[in-house]
Amino acid sequence: MPNRNYKAELVGVFGYPVAENPTVVMMEAAFRALGLNWRYLTIEVKPDNLADAIRGLVAFGMRGINLTIPHKIEVMKYLDEIAGDARLIGAVNTVVAENGRLRGENTDGKGFLRSLKEQGSTRIAGSRVFLLGAGGAARSIAVELALAGAGHIVVANRTRTRGEDLVRTLNEATQCHADFLLWDRQLAIPEDTDILVNATSIGLFPDIEAVPDIDYRTIRPDLVVCDVIPNPPHTAFLKKAEARGAKTIDGLGMLVNQGVIGFKLWTGLEAPREVMMEALSKEFAG
Ligand code: NDP
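Note that the structure is predicted; figures quoted are calculated from it, not measured.

Student: I'd like to hear about the domain arrangement of the protein chain, residue by residue, with values.
Tutor: Split by domain assignment, the protein chain resolves into domain 1 (9-106 + 253-285) and domain 2 (109-249). Here domain 1 and domain 2 have C-alpha centroids that lie 25 Å from each other. Residue-level contacts link 14 residues of domain 1 with 19 residues of domain 2. A buried area of about 1,400 Å², summed over both sides, lies between domain 1 and domain 2, and 62% of it is on carbon and sulfur atoms. It is Leu 88, Ile 89 and Met 254 that lose the most area in domain 1 upon contact with domain 2, and together they represent 44% of the buried surface on that side. Counting the contacts that link domain 1 with domain 2 gives 3 salt bridges. Put simply, Glu 105 and Lys 110 hold a salt bridge, and the shortest N to O gap is 3.7 Å.

Below, the structure is given as structure tokens:
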């Protein structure tokens, strides 16, 4: 009888609620495409059970885990090591288990950066960014842009404390200069802006007609306009930006790219990006 290995390598996601998290679709498609006996498990973990869940992960010899709401901050106290950018972001969305140690990473902002770079014509070094939102997605994007050399970031947020906190992090821990803008009225996008990002949850399914309250007449054709919303990828916000002639980058690319980065962290292999993109696009279309 030939040598057989029936042992599966396990990764997955802990969240609560977690049932609607679609990451399994793209990860399993990637494992199948590469013929890997790996499984991505979508696991509901209530907040009180996170410590036990992490012990379970170690006991099962799992290779890592994604964290989603509400565990991204709480998980940090159970890890042996936290990557520098994740520490600045203040959240971990990917844990890598290696040689008996747990390392925390944050791939959200890196996925965003990769989407910007794929777009090709966007220069990040020295760029001027206008960022809508100061939540988890906004923090990860702002920190990665700052670490990649962005020159100036305006953080516009409805809630002052969250916005000011992010601006403080950027000014204290990176070379980038940041300013806070209270978002309590319709905002004009400054003329010298290179990159505009919607990092709020405005426009997420099912509220697909909602758009951020900005003056769309201030969007110029040479602006790169990005959205974090993956579902639907072609948001009303991006449609309005396209109507102004701007280049746009959607949140589906960011979601796939953060998965591509996580895949590499866990397996050490290059992820089949197109397979993952197709699987997730089909899922959202269906
Ligand atoms: P948070 O709850 O941490 O932050 C939400 C942000 O949106 C806050 O800044 C909040 O402002 C702002 N906001 C929400 N509603 C409004 C409104 N009506 N007017 C003005 N501001 C508003 O969420 P996350 O940052 O974790 O997620 C945000 C979005 O990013 C989600 O839709 C998620 O799907 C998406 N996302 C996409 C990823 C991808 O890979 N494409 C990865 C991660 C997230 P305030 O502080 O005032 O409440």
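Student: I'd like to hear about the UniProt feature "active site" (unreviewed entry) in the protein chain, residue by residue, with values.
Tutor: Per the UniProt entry, the sites bearing "active site" (unreviewed entry) are Lys 72 in this numbering. Mapped onto the elements, Lys 72 comes out in the loop between strand S3 (64-67) and strand S4 (81-82).

Student: So what about the state of the cysteines? Which residues, and what values?
Tutor: Within the structure shown, the criterion is met by 0 disulfides. Free cysteine Cys 176: the closest other cysteine sulfur is in Cys 226, separated by 15 Å. The exposure class assigned to Cys 176 is buried, which follows from its relative accessible area of 3%. Overall, the relative accessible area of 1% leaves Cys 226 in the buried class.

Student: Report on the sheet that holds S3, specifying residues and quantitative values.
Tutor: The sheet built from 6 strands is open, its strands ordered S2-S1-S3-S5-S6-S4 with mixed pairing. Because the sheet does not close on itself, it has two edges, and the strands there are strand S2 (38-44) and S4. Here 2 bridges tie S4 to strand S6 (residues 101-105), and the two strands are oriented parallel to one another. Directly across from Glu 81, in S6, lies its bridge partner Arg 103. The sheet strands contacting helix H8 (residues 251-267) are strand S1 (9-15), S2, S3, strand S5 (94-98) and S6, and the helix crosses S5 at an angle near 15°.

Student: Any details on the side chain of Glu 105? Residues and values, ideally.
Tutor: Inspection of the secondary structure puts Glu 105 in strand S6. There is a polar contact of 2.8 Å between the side chain of Glu 105 and the side chain of Arg 103. Discounting residues that sit within four places of it in the chain, Glu 105 has contacts with Ala 83, Ala 86, Val 92, Asn 93, Thr 94, Val 96, Lys 110 and Leu 265.

Student: Can you lay out the packing of aromatic side chains for me, pointing to particular residues and giving the numbers?
Tutor: Aromatic ring pairs: the centre-centre distance and the angle between the two ring planes describe each pair. A complete count under the given rule lists 4 aromatic pairs for this structure. Ring plane angle 45° and centroid distance 6.2 Å describe the contact between Tyr 40 and Trp 266, whose orientation is recorded as tilted. Highlighted residues: Tyr 40 in strand S2 and Trp 266 in helix H8, separated in sequence by 226 residues. Accessibility classification places Tyr 40 together with Trp 266 in one group, the buried group. Pairing Tyr 216 with Phe 237 gives two aromatic rings, centres 6.2 Å apart and planes at 70°, and the pair type is edge-to-face. Note that Tyr 216 is positioned in the loop between strand S10 (195-198) and strand S11 (224-227) and Phe 237 in helix H7 (residues 236-243), a separation of 21 residues in sequence.

Student: I'd like a rundown of the pairing of S11, residues and numbers included.
Tutor: Residues Val 224 and Cys 226 of S11 are buried on one face, and the alternating residues Val 225 and Asp 227, pointing to the opposite face, are buried as well. Note: S10 against S11, 4 bridges, orientation parallel. Paired with Leu 196 across the bridge in S11 is Val 225. Read from S11 through H7 to strand S12 (residues 247-249), the crossover connection turns out right-handed.

Basis of the calculations
Residues numbered from 1 in each chain as written. Predicted model: local features only at pLDDT ≥ 70, side-chain atom pairs only at ≥ 80, totals over all residues. Heavy atoms only, no water. Domains from an automatic or database assignment. Contact = heavy atoms within 4.5 Å. Buried area = accessible area lost by both parts, 1.4 Å probe. Salt bridge = Lys/Arg side-chain N within 4 Å of Asp/Glu carboxyl O. UniProt positions renumbered as here; feature names shortened; annotations may be inferred. Helix = DSSP H or I, 4+ residues; strand = E, 2+ residues; numbered from the N terminus. Disulfide = S-S within 2.5 Å. Buried < 20%, exposed > 50% of the residue type's maximum accessible area, 1.4 Å probe, protein only. Pairing = 2+ DSSP bridges. Axes fitted to C-alpha atoms, helices over the stretch in contact; angles between N-to-C directions. Polar contact = N/O pair within 3.5 Å; in protein donor to acceptor, adjacent residues only side chain to side chain. Phe/Tyr/Trp six-rings, centres within 6.5 Å; stacked < 30°, edge-to-face > 60°. Right-handed = clockwise from strand over helix to strand, strands pointing away.

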